[in-house]
Structure formats: structure tokens, C-alpha cells
Amino acid sequence: MKVMDIGRICYKMTGRNAAEKVVIVETHTPSQVSIVGAQTKKQPCNIFHLWPTEQVVKISKGADQKEVIAALKKK
């Protein structure tokens, strides 16, 4: 099991979206992923700026913001 899988719920630790709950929607390189959150549009992010949780939601690869918000409400 990888820590930074697609669907992993994380908290953003740096930047203007710090402390916001986000979900990993794509992995680009071992240290770079794309994230989406309720207040965050899809954007690339370094994994060292994320605090992963144990929670995972089921989403498709490259999910849009609406799909992620719906998955977070179910959780």
C-alpha cells in the first residue's frame, strides 16, 4: 500500500490553502501529485507539502472538483 495513492485524503500544510482537506487525484512523479479540495481547484503539489491521513475515498483518476466534493460528503 502506497501512502500517496489516488483517493488519499490529506491536509495541505503550506501555501494559501494551508490546513485545508484535499484529495489526491493523480500522481505525476514519486514526489509530485495533483490535488483537489472543496476550496482548492485542481493543482500540482509536492508530497512534502501534504499531511496524509488514513482515510481513502473511491474516485476515478483525474476526478474533477464536483466528484471529490461528493466523495468527501459520503465519508
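Above this text you will find the structure in question.
In what follows, the accompanying structure is described. Bear in mind that the values here come from a model prediction, so they are computed numbers and not experimental data. One numbering rule holds for all chains: residues counted from 1, following each sequence as written. Totals for whole chains, interfaces and linings use every residue, but because this is a predicted model, local features are given only for residues with pLDDT of at least 70 and side-chain atom pairs only at 80 or more, for both listing and counting. Side-chain measures here rest on the full set of heavy atoms in the structure, leaving out hydrogens and waters.

### Description of the pattern of salt bridges
Any carboxyl oxygen of Asp or Glu that lies within 4 Å of a side-chain nitrogen of Lys or Arg is treated as forming a salt bridge with it. One pass over the structure, following the stated rule, counts one salt bridge. Residue Glu26 is joined to Lys42 by a salt bridge in which the shortest nitrogen-to-oxygen separation is 3.1 Å. Of this pair, Glu26 sits in strand β2 (residues 21–29) while Lys42 sits in the loop between β3 (32–37) and β4 (43–46); the two residues are 16 residues apart in sequence, bridging distant segments of the chain. Take Lys42: its relative accessible area is 42%, and that puts it in the partly exposed class. In DSSP terms, a helix is any run of H or I states spanning at least four residues, a strand is any run of E spanning at least two, and both are numbered starting from the N terminus. Burial classification: accessible surface area is computed with a 1.4 Å probe over protein chains only, and a residue below 20% of its type maximum counts as buried, one above 50% as exposed, and the rest as partly exposed.

### Describing the sheet that holds strand β5 (residues 50–56)
Taken together, the five strands give an open sheet; going across it, the order is β4-β3-β2-β1-β5, and neighbouring strands pair in antiparallel fashion. On the outer flanks of this sheet lie β4 and β5, each paired with one strand and no other. With direction set aside, neighbouring strand axes in the sheet form an average angle of 45°. Pairing between two strands is assigned when DSSP locates at least 2 bridges connecting them. As judged from the four bridges shared by β3 and β4, these two strands associate in the antiparallel manner. Bridge pairing in β4 places Gln32 opposite Asn46. A fitted line through C-alpha atoms represents every axis, and for helices the fit uses only the stretch in contact; the resulting angles, taken between N-to-C directions, go from 0 to 180 degrees.

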